[in-house]
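Structural overview
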Amino acid sequence: MKTLYDVQQLLKKFGVYVYVGKRIWDIELMAIEVDHLYQAGVIDAKMYSRVKLVLSHEHRLEAEHERAKGAPH
């Protein structure tokens, strides 16, 4: 579990497809869905930690990208 694509593939195995239209919102919704999978006991703590780490990293990168895009030149 190293990329956002890996997270999407994991969610797809459980019939979860996320597309909100804005990448940062997709990442946030994926994090909520992963929380639900963990709480339901369908993914273990190790997988949950790895997925949350990937999502946190991707969220930070996307937030930085959005800030840079909105900054005056």
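Quick caveat, the model's predicted, so the values are computed rather than measured. (Residues numbered from 1 in each chain as written. Predicted model: local features only at pLDDT ≥ 70, side-chain atom pairs only at ≥ 80, totals over all residues. Heavy atoms only, no water.)

So, about the side chain of E62. With respect to the helices, strands and loops of the structure, E62 is situated in helix 3 (residues 45-70). Since its relative accessible area comes to 13%, E62 is described here as buried. Look past the residues within four positions of E62 in its chain and what remains in contact with it is R23, I24 and I27. (Helix = DSSP H or I, 4+ residues; strand = E, 2+ residues; numbered from the N terminus. Buried < 20%, exposed > 50% of the residue type's maximum accessible area, 1.4 Å probe, protein only. Contact = heavy atoms within 4.5 Å.)

Of all hydrophobic cores here, the largest spans 16 residues; its most connected members are V7, L11, M30, V34, V51 and L55. Elements with a minimum of two residues in this core: helix 1 (4-13), helix 2 (23-39) and helix 3. Residue contributions to this core peak at five residues, all from helix 2. Beyond its immediate chain neighbours, meaning those up to four positions away, L11 contacts V16, V18, M30, E33, V34 and L37. (Core = buried A, V, L, I, M, F, W, Y, C linked by side-chain atoms within 4.5 Å.)

Attention now goes to the side chain of D26. Turning to its location among the elements, D26 is positioned in helix 2. In this structure D26 is buried but unpaired, with R23 as the nearest side chain of opposite charge at 7.0 Å. A polar side-chain atom of D26 sits 2.5 Å from the main-chain amide nitrogen of V20. What D26 contacts, discounting residues up to four positions off in sequence, is V18, Y19, V20 and G21. (Lys, Arg positive; Asp, Glu negative; His and termini not counted. Salt bridge = Lys/Arg side-chain N within 4 Å of Asp/Glu carboxyl O. Polar contact = N/O pair within 3.5 Å; in protein donor to acceptor, adjacent residues only side chain to side chain.)

So, about the pattern of salt bridges. Under the counting rule described, the total for this entry stands at five salt bridges. As a salt-bridge pair, R23 and E58 come within 3.2 Å of each other at their nearest N and O atoms. On the criterion of sequence distance, the pair formed by R23 in helix 2 and E58 in helix 3 is long-range, its members being 35 residues apart. Of the residues examined, E58 reaches a relative accessible area of 13% and is grouped as buried. One salt bridge connects E62 with R23, and the closest N-O pair in it is separated by 3.1 Å. Of this pair, E62 sits in helix 3 while R23 sits in helix 2, and the two are 39 residues apart along the sequence. One network of salt bridges, in which partners are shared, links R23, E58 and E62.

With respect to the secondary-structure elements, V54 resides in helix 3. Excluding residues that lie within four positions of it along the chain, V54 makes contacts with M1, K2, T3, L4 and V7.

Before going further, it helps to spend a moment on the packing of helix 2 against helix 3. Axes are the key here: two packed helices are described by the angle between their axes and the distance separating the axes. Between helix 2 and helix 3, the least distance of the axes is 9 Å, while the angle of their chain directions is 165°. Here helix 3 runs roughly antiparallel to helix 2, going by the angle between their axes. The element helix 2 and its partner helix 3 pack so that their crossing is left-handed. Residue-level inspection shows R23, I24, I27, E28, M30, A31, V34, D35 and Y38 of helix 2 in contact with helix 3, the latter providing A45, Y48, V51, K52, L55, E58, H59, E62, A63 and E66. Residue composition of the contact of helix 2 with helix 3, grouped by class: 11 nonpolar, one polar and seven charged. (Axes fitted to C-alpha atoms, helices over the stretch in contact; angles between N-to-C directions. Parallel < 35°, antiparallel > 145°, perpendicular 65-115°, else oblique. Left-handed = near helix turned anticlockwise from the far one by under 90°. Nonpolar A, V, L, I, M, F, W, Y, C, P; charged D, E, K, R; others polar.)

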